[in-house]
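Read off the chains here:
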Amino acid sequence: MAAVAPANSEDLPPKAPLAEGGQISDHRDGRDVVLRLRGIRTQFGDKVIHDNLDFDLFRGEIVGLVGGSGSGKSVLLRTIIGLIQARAGTVEMLGVDTGTLHGKAKRQMLARTGVQFQDGALFSSLTVTENIIVPIREHAGLEEQTMREIAALKVALVGLPGDAGDKKPSELSGGMRKRASLARALALDPELLFLDEPTAGLDPIGASHYDELVKGLSRNLGLTILMVTHDLDSLSAICDRIAVLLDKRVVVGTMAELLEYDHPWVREYFHGPRGRAARQEHK
Amino acid sequence: MAEAEPTIRYTERAGKSVVEVGGTWTVFSVRGIREKAEKALQAAGAGAKGQRTVDATGLEKVDTAGALEILELAGGGPEAEVKTRDEAQAALFKIVRENMCDAPPDRRVNWLAHWLEEIGRGTIDFYKQVIKLCAFFGEILVVVVEAILQPKRFRPSAVVRQMYEVWIRALVIVGVLCFLIGVVIAYQGVQQLKQFGAETFTVEAVGIGMFRELGPLLTAIIVAGRSGSAFTAQIGTMQVNQEVDAMRTIGLNPVEWLVLPRITALLISMPLLAFWGDMAGLLGGAVACTVYLDFTFVQFFDRLRDTVGPWHFYTGMIKAPVFGIVIAVIGCFEGLQVSGSAESVGQLTTKSVVESIFCVIVLDAIFSVIFLLAGV
């Protein structure tokens, strides 16, 4: 019997049994599972960050990933996109176990996903247009003029002014860098997009414009988005579901479900003054 | 991904030009589509340009790049009418059409214009750099005068810590390199001077060479490489973290807190290191002479005492502290020039090393002229 239970499950047993993929109740509705994590365990030295973590992401939805400082949001994101190797468990992306991918198959998988890093991570020696062209040249290799036109389209799509394409990242403001980075992430029209704190450091007006942009892109281009965020406004405004990192695992639910969820951190997070204010606004 | 080919056909329907597209139009499949379209256009014999209606009902898969190409082929223009199979594709075409714009042309600059621009920019930058450096030097002098009036402000503990870094920790590398250079000079000296039987003059070659030039110069180059660069990197990193700004808001003068201890430390350490380098070089020369010349150590140092006057040593010792000040000032100055990004720390560190070595060698030349005129 003891062998079945994972080592840390005694710490804090979930209040109610969760549905598949850490959900409070099932929201799949027959959609494709674009990303499936099962039994993920990550650790640095002796410190276990995630243990036996399950999580599902369904096609076409926007999910916000939240958690306290040090709960491993970024680590989870880096594990999913393959920058960190999990000690145990599987990451299944678009129906393929990413652990088994090598060479060409891996490159094709990378072409179907996009990542926007927190501070943009644009290549500083290239202009915005050239930054957007990098993944296109690498994976599709189109004619130069076509690639420039596609890049100009992406620049416009993310709401940057036309002359931003010729600028170097260092000449852009923080908010514009985030948009440029999103344009690069969208270069190959990925099916799955990961955003790391997309609205951190933006002013409230800029942040809400960014939220609308992400929501519009998701709807019009059929994107599935997982975003790490601390912005309660984003969570209530654009996220279909919210994934909370609690006790080394993920609990996923809609805002309404999480408001009912009985856990001290969740209660403090969503019922605190900021959480209340954000909900009021988006009612 | 197995990609179905994109298909394209130009036809007429009820007197209107129509483009029928089908198959897969994604960023991975549209390679070379424009040539293909050109051929299709010729095959259909349709008019070259002009607005066309797009029939996209046969599309299997399309993304923004594909939609962009289709709209381009339909004669560009945001007014092109598109018939789509379903809502999702209609939404995609709509968003692409709204955001279509001409790609700005690739900027190509005439090489001569580029060259002239670079020269002009370089000249102006150099001019600005000199002005700024003079201003910085003035700022340091003000702080130095204040510190002389209140000696506590030299902050001895910080100076001692810096001296540990720039002096004690440099002893091994300076010693080893100067020793080797001493050996090399002696060896070459013996080889060349032997040809006219003057090999005993090797002792003068080593002594004067090390004391006057190589001791202080080699030490200065090593110090510029390891301490000047460290100054720039340390202060630059603090600049990136806004630590320097924080100091200013607290009312601490960064020149007094960061720059003065480093300059003082290097001012004291450089002559000490140069002396150490001189000694290591002489030792190297002596060792080489015992091997190639059958000299004993006593003979070597006797001859050195008799032939190499004290002024050869003093000239080197006069130069060393000046080199130290120059290296420290440039290192700290470039550190304070760092702005914002981590990238500029790297750039300015390189610049600081190049500039300090350049200045050291120029100063060395000036010193030579001065000593020549002074007759020492």
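Since this is a predicted model, take the numbers as computed values, not measurements.

**Q** Please clarify how the overall build of chain B should be interpreted in this entry.
**A** A tally of helices and strands in chain B yields twelve helices and four strands. Taken over the C-alpha trace, chain B has a radius of gyration of 36 Å; the compact-globule value for 376 residues is 21 Å, which it surpasses by more than 25%. Taken along its principal axes, the extent of the C-alpha atoms in chain B is 110 × 60 × 40 Å. Within chain B, the fraction of its 376 residues that count as buried is 43%. Sequence-distant contacts, at least 24 apart, represent 77% of the contacts inside chain B between residues at least 6 apart. With an accessible surface of roughly 19,700 Å², chain B has 64% of that area assigned to carbon and sulfur atoms. Across chain B, the centroid of the 33 positively charged side chains sits 2 Å from that of the 38 negatively charged ones.

**Q** Would you mind going over the side chain of Asp231(A) with me for this structure?
**A** Residues and elements named next belong to chain A. Following the sequence through the fold, Asp231 ends up in the loop between strand 8 (224-228) and helix 7 (232-238). With a relative accessible area of 17%, Asp231 lands in the buried category. Of note is the side chain of Asp231, whose polar atom sits 2.9 Å from the backbone nitrogen of Asp233. Look past the residues within four positions of Asp231 in its chain and what remains in contact with it is Thr199 and Ala207.

**Q** Honestly, unusual backbone geometry in this entry has me stumped. Any pointers?
**A** Phi at Asn52(A) is positive, roughly 55°, even though this residue is not glycine. In this structure, Asn52(A) sits in strand 2 (residues 47-58). With relative accessibility at 28%, the residue Asn52(A) sits in the partly exposed group. Phi at Gln242(B) takes a positive value of approximately 65°, unusual for a residue other than glycine. Examined against the element boundaries, Gln242(B) turns out to sit in the loop between helix 7 (202-240) and helix 8 (243-250). Of the residues examined, Gln242(B) reaches a relative accessible area of 53% and is grouped as exposed.

**Q** I keep staring at the packing of aromatic side chains and nothing clicks. Help me out?
**A** Each aromatic ring pair is described using two quantities: the centre-to-centre distance and the angle formed by the ring planes. Residue and element names in this part refer to chain B. The full count for this structure, using the stated rule, is twelve aromatic pairs over all chains. Here Phe313 and Tyr314 contribute two aromatic rings whose centre-to-centre distance is 6.1 Å and whose plane-to-plane angle is 55°, an arrangement assigned as tilted. Residue class for Phe313 comes out partly exposed when judged on its relative accessible area of 21%. Judged by its relative accessible area of 40%, Tyr314 is partly exposed. Seen from their ring centres, Phe367 and Phe371 are 5.7 Å apart, and the 15° between their planes marks the pair as stacked. One end of the pair is Phe367 and the other is Phe371, both in helix 12 (residues 342-374) and four residues apart, which spans about a single turn.

**Q** Hey, could you run me through the packing of helix 11 (residues 310-337) of chain B against helix 12 of chain B in this one?
**A** When two helices pack together, their arrangement is given by the angle between the helix axes and the distance between those axes. All names here are of chain B. Taken N-terminus to C-terminus, the directions of helix 11 and helix 12 make an angle of 155°; their axes are 9 Å apart at the nearest point. Considered as vectors, helix 11 and helix 12 are oriented roughly antiparallel to each other. Between helix 11 and helix 12 the crossing geometry is right-handed. Where helix 11 approaches helix 12, its residues Thr315, Ile318, Lys319, Val322, Phe323, Val326, Ile327, Ile330, Gly331, Glu334 and Gln337 are matched on the opposing element by Leu348, Lys351, Ser352, Glu355, Ser356, Cys359, Val360, Leu363, Asp364, Phe367 and Phe371. For the contact of helix 11 with helix 12, a count of residues per class yields twelve nonpolar, five polar and five charged.

**Q** I tried to follow the UniProt feature "transmembrane region" (unreviewed entry) in chain B on my own but got confused; where do I start?
**A** Residue and element names in this part refer to chain B. According to UniProt, the positions carrying the feature "transmembrane region" (unreviewed entry) are residues 130-148, 168-187, 282-301, 313-333 and 353-374. Strand forms 0% of residues 282-301 and helix 80%; the C-alpha atoms that close the span are 9 Å apart. Secondary structure within residues 353-374 divides into 100% helix and 0% strand; the distance between the first and last C-alpha atoms comes to 31 Å.

**Q** Would you take a moment to explain the packing of helix 5 (residues 156-166) of chain B against helix 7 of chain B for this structure?
**A** Residues and elements named next belong to chain B. Relative orientation of the contacting elements helix 5 and helix 7 amounts to 135°, with a least axis distance of 10 Å. As summarised for this structure, helix 5 and helix 7 are arranged oblique, according to the angle between their axes. The segment helix 5 lies against helix 7, with Gln162, Glu165 and Val166 engaging Arg226, Ser227 and Phe231. Along the lines of polarity and charge, the residues of the contact of helix 5 with helix 7 split into two nonpolar, two polar and two charged.

Calculation criteria
Residues numbered from 1 in each chain as written. Chains lettered and ligands numbered in written order. Predicted model: local features only at pLDDT ≥ 70, side-chain atom pairs only at ≥ 80, totals over all residues. Heavy atoms only, no water. Helix = DSSP H or I, 4+ residues; strand = E, 2+ residues; numbered from the N terminus. Rg over C-alpha atoms; globule rule 2.2 N^0.38 Å. Buried < 20%, exposed > 50% of the residue type's maximum accessible area, 1.4 Å probe, protein only. Contact = heavy atoms within 4.5 Å. Areas by Shrake-Rupley, 256 points an atom, 1.4 Å probe, with all protein chains shown as cover. Lys, Arg positive; Asp, Glu negative; His and termini not counted. Charge placed at Lys NZ, Arg CZ, Asp CG, Glu CD. Polar contact = N/O pair within 3.5 Å; in protein donor to acceptor, adjacent residues only side chain to side chain. Phe/Tyr/Trp six-rings, centres within 6.5 Å; stacked < 30°, edge-to-face > 60°. Axes fitted to C-alpha atoms, helices over the stretch in contact; angles between N-to-C directions. Parallel < 35°, antiparallel > 145°, perpendicular 65-115°, else oblique. Left-handed = near helix turned anticlockwise from the far one by under 90°. Nonpolar A, V, L, I, M, F, W, Y, C, P; charged D, E, K, R; others polar. UniProt positions renumbered as here; feature names shortened; annotations may be inferred.

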